[in-house]
Amino acid sequence: MVRLSRWVVDGWAELGTRFLPFADAATPDLPLSRLLRLSLFQVSCGMAMVLLMGTLNRVMIVEMHVPAALVAVMVSLPIVFAPLRAVIGFRSDAHQSALGWKRVPFIWRGSMVQFGGFAIMPFALLVLAGAGQSSHYPAWIGQFSAGLAFLLVGAGVHTVQTVGLALATDLVPQEGRPKVVGLMYVMLLAGMIISALLFGGLLADYSPGRLVQVIQAAAVVTLVLNVIAVWKQEARKPLQAHTATASDDPDFAEAWALFKSGPDALRRLLIVGLGTAAFTMEDVLLEPYGGEILHMSVGDTTLLTATLSAGGLFGFGLASHVLGRGFDPFRMAGLGAMVGVPAFAAVILAAPLAAPVWFGVGVLLIGFGGGLFSHGTLTATMQAAPARQVGLALGAWGAMQATAAGLAVAFGGIAKDVYGALTDATQGYIFVYCLELLLLVVTIGAMAPLAGWRRTHHPPILQDQPTRRMT
Amino acid sequence: MIYGKMWTVVKPTVGIPVFLGAVAVGSFCVHLAVTTHTTWVSKFLNGEPIHKAAASS
Amino acid sequence: MATDKVGLTGLTEAESEELHRNLVQGTQFFGMIAALAHLLAYIYTPWLG
């Protein structure tokens, strides 16, 4: 049994180094199997995101006949916790523990909270829909408990992801971080794709019983994946904890002031927000644009999601490869934003030209540019994070990223409807895409003054790259 | 906290799995007993609709 | 320091207390979630009736 699992891990690792660009992220102290294990928390986060944003969104409206506005409110509830990521990250930096753990307690609690949310969610949703005999009870019970379930899951995901990324940053030395970021993103994407397919298949013939089974299975899977992910990853440092207890204990305001005083810290955060908003605003508009305006079939529009993911995967792979050789991550993010400009132009032009091919190319490029951008900003955040503020830095990045993404998706949907109602449907979509184009230009403009953008900066590693590749 | 010093005597690597395992196995057994000794759970899981009114039998 | 006393298991008293606090809080949270889930399940379809 042990030998078999050994063989599987070795085989997977070998397969990884051969085919996956990020798989050489392993270092002697941190073998790939351990990194892959750590990245499982991203799979559970991806699963939760798909369940909340995709599967349950559809099931509640189509199968349970909950009013769409109520569903939208419920699904967007977790975003209220997104800005708190900075606080969560800070708390894990400052966590004082006799056991000498900073990250593990938070991941454990986050997993518990996420588990709890999923545990009550199916019943809460059924009561919310007034199914069974729940219509005899006041409506607020369903609304309250469904809201609570979504809040718990959201809080859990935000905590686990923030602190998990901080743990990854702690574990991996500076030069290995770009590849770890790539690995984390790929695992998030993999978790989302796999669980979307699984949930879709399992809930194909819907029944309340099936819903309970699927969501509670997701709860158990969350707990199992996260426990496997952090098992024996973080070294205990009890001695350090003892000295820290005696020394000064900065509160959040002080820590934030210190973080803010870092080089261009606020500008970098602003760029993350702007760029993320630019790359995610079209998220729910791509498929209806393809179907409604370009008259693509349902199968073709579903293919769009795959195209977007493929572009993203390619972006993550390329970014890991290039950044691993010492390329400046912020320039990489800038290049991603620049790829986005022709991408959105192609998407916009697809409507007047009635050319779905341009649309497909545009979507692929949006995925690619978005991949480069997110990879670049996260890697830059990790590399710029002061050793004692890793959690806060990643929390601030995550807060900005998640808030911007959530608001942008909501705003994109509303703006398209409002502007589309004022003019015509096509104009509504085009309006949002133009807005994204504008945001990208602003992002690029905001990036220009940052170090490493204007002056050409070639680290020595980059220069001997061709010779190394030839050998 | 009451019994807080327990883990200086009981090894956590033994005690925690025993405790969590007891909770897990206990609740699993109760649910299993309910499933095997009544009909309404399997009916529900097999997708039978639930009677909307309080027409209990 | 009393909290530095190492017990039979190699854990100090402070470590033991912290472990216990986490375990108890986790159990309380789990219990509350379980109670709420059962309450909601009861509201959805009162069993035994």
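Provided above is the structure to which this section pertains.
Residue numbering note: each chain is counted from 1, following its sequence as written. As a convention, the first chain written is A and the first ligand written is 1, with the rest following in written order. Selection of residues for local features in this predicted model requires a pLDDT of at least 70, selection of side-chain atom pairs for listing and counting requires 80 or more, and totals for whole chains, interfaces and linings are taken over all residues. Remark: hydrogens and water are excluded; side-chain values derive from all non-hydrogen atoms of the structure.

Asker: Before we go on, may I ask you to explain the nonpolar core in this structure?
Answerer: Nonpolar side chains tend toward joint burial in soluble globular proteins. Residue and element names in this part refer to chain A. Judged by nonpolar contacts, the single largest core of 97 residues is most densely connected at L56, M60, F118, M121, L125 and F150. Only DSSP runs of H or I reaching four residues or more are called helices, and only runs of E reaching two or more are called strands; each is numbered from the N terminus. Here this core gets 15 residues from one element, more than from any other, and that element is helix α6 (residues 104-128). Domain assignment of the residues forming this core places at least three in each of domain 1 (33-234) and domain 2 (261-453). We call two residues contacting when some pair of their heavy atoms lies within 4.5 Å. Ignoring anything within four residues of it in the chain, the contact list for F118 reads A48, L51, L52, V153, I215, Q216, A218, A219 and T222. Side-chain atoms within 4.5 Å are what join buried Ala, Val, Leu, Ile, Met, Phe, Trp, Tyr and Cys residues into a set we call a nonpolar core. Note on exposure labels: buried denotes an accessible area under 20% of the residue type's maximum, exposed denotes more than 50%, and partly exposed covers the range between, all computed with a 1.4 Å probe on protein chains only. M296, A343, F344 and V347 belong to the second-largest nonpolar core, a separate cluster that totals 39 residues. Domain boundaries shown here were taken from an automatic or database domain assignment.

Asker: Whenever I open this one, the packing of aromatic side chains confuses me. Can you help?
Answerer: Aromatic ring pairs: the centre-centre distance and the angle between the two ring planes describe each pair. Residue and element names in this part refer to chain A. Pairing of aromatic side chains here covers Phe, Tyr and the six-membered ring of Trp, requires ring centres within 6.5 Å, and sorts the geometry by plane angle: under 30 degrees stacked, over 60 edge-to-face, intermediate tilted. Throughout the structure, instances matching the rule amount to twelve aromatic pairs over all chains. Here Y289 and F359 contribute two aromatic rings whose centre-to-centre distance is 5.0 Å and whose plane-to-plane angle is 70°, an arrangement assigned as edge-to-face. Placement of the pair is Y289 in helix α13 (residues 286-293) and F359 in helix α16 (residues 356-384), with a sequence separation of 70 residues. What makes Y289 buried here is its relative accessible area of 0%. Through successive ring pairs, a cluster of aromatic residues spans F90, F252, W256 and F259. Across from the ring centre of F106, 5.8 Å away, lies the NZ or CZ of R109, which sits over that ring. Only when the NZ of Lys or the CZ of Arg is both within 6 Å of the ring centre and within 35 degrees of the ring normal is a charge said to sit over the ring.

Asker: Can you help me understand the packing of helix α7 (residues 139-171) of chain A against helix α1 (residues 13-44) of chain C in this one?
Answerer: Describing two packed helices takes the angle between their axes plus the distance from one axis to the other. Between the N-to-C directions of two axes lies an angle of 0 to 180 degrees, each axis being a line fitted to C-alpha atoms and, for a helix, fitted only over the stretch in contact. Interhelical geometry of α7 of chain A versus α1 of chain C gives an angle of 145° and a closest axis separation of 12 Å. Crossing of α7 of chain A against α1 of chain C: the hand is left-handed. The segment α7 of chain A lies against α1 of chain C, with I141, S145, L148 and L152 of chain A engaging F29, I33, L36, L40 and I43 of chain C. Considered class by class, the residues forming the contact of α7 of chain A with α1 of chain C number eight nonpolar, one polar and no charged. Each helix crossing is assigned a hand: it is left-handed if the near helix lies turned anticlockwise from the far helix by less than a right angle, otherwise right-handed if that turn is clockwise. Throughout, the ten residues Ala, Val, Leu, Ile, Met, Phe, Trp, Tyr, Cys and Pro are labelled nonpolar, Asp, Glu, Lys and Arg are labelled charged, and all others, Gly among them, are labelled polar.

Asker: Would you explain unusual backbone geometry in this entry?
Answerer: Leaving glycine aside, a negative phi is the common case for residues, and trans is the common case for peptide bonds. All names here are of chain A. For K232, which is not glycine, the phi torsion reads 55° and is therefore positive. The exposed category is assigned to K232, whose relative accessible area is 69%. One non-glycine residue, A354, lies in positive phi territory at about 50°. Relative to the assigned elements, A354 resides in the loop between α15 (329-353) and α16.

Asker: Whenever I open this one, the interface of chain B and chain C confuses me. Can you help?
Answerer: Much of the literature gives interface size as the accessible area that the parts lose upon coming together. The interface of chain B with chain C comprises 20 residues on the first partner and 21 residues on the second. Put simply, buried area is how much 1.4 Å-probe accessible surface two parts lose in total, over both of them, once they are put together. Across the interface of chain B and chain C, roughly 1,800 Å² is buried in total on both sides, 71% from carbon and sulfur atoms. Ranking the residues of chain B by area buried against chain C places M1, W7 and T8 of chain B at the top, with a combined share of 34%. Should a side-chain nitrogen of Lys or Arg be within 4 Å of a carboxyl oxygen of Asp or Glu, the pair is scored as a salt bridge. Joining chain B to chain C, the criterion identifies one salt bridge. In this structure, the salt-bridge partner of K5 of chain B is E17 of chain C, at a minimum N-O distance of 3.0 Å.

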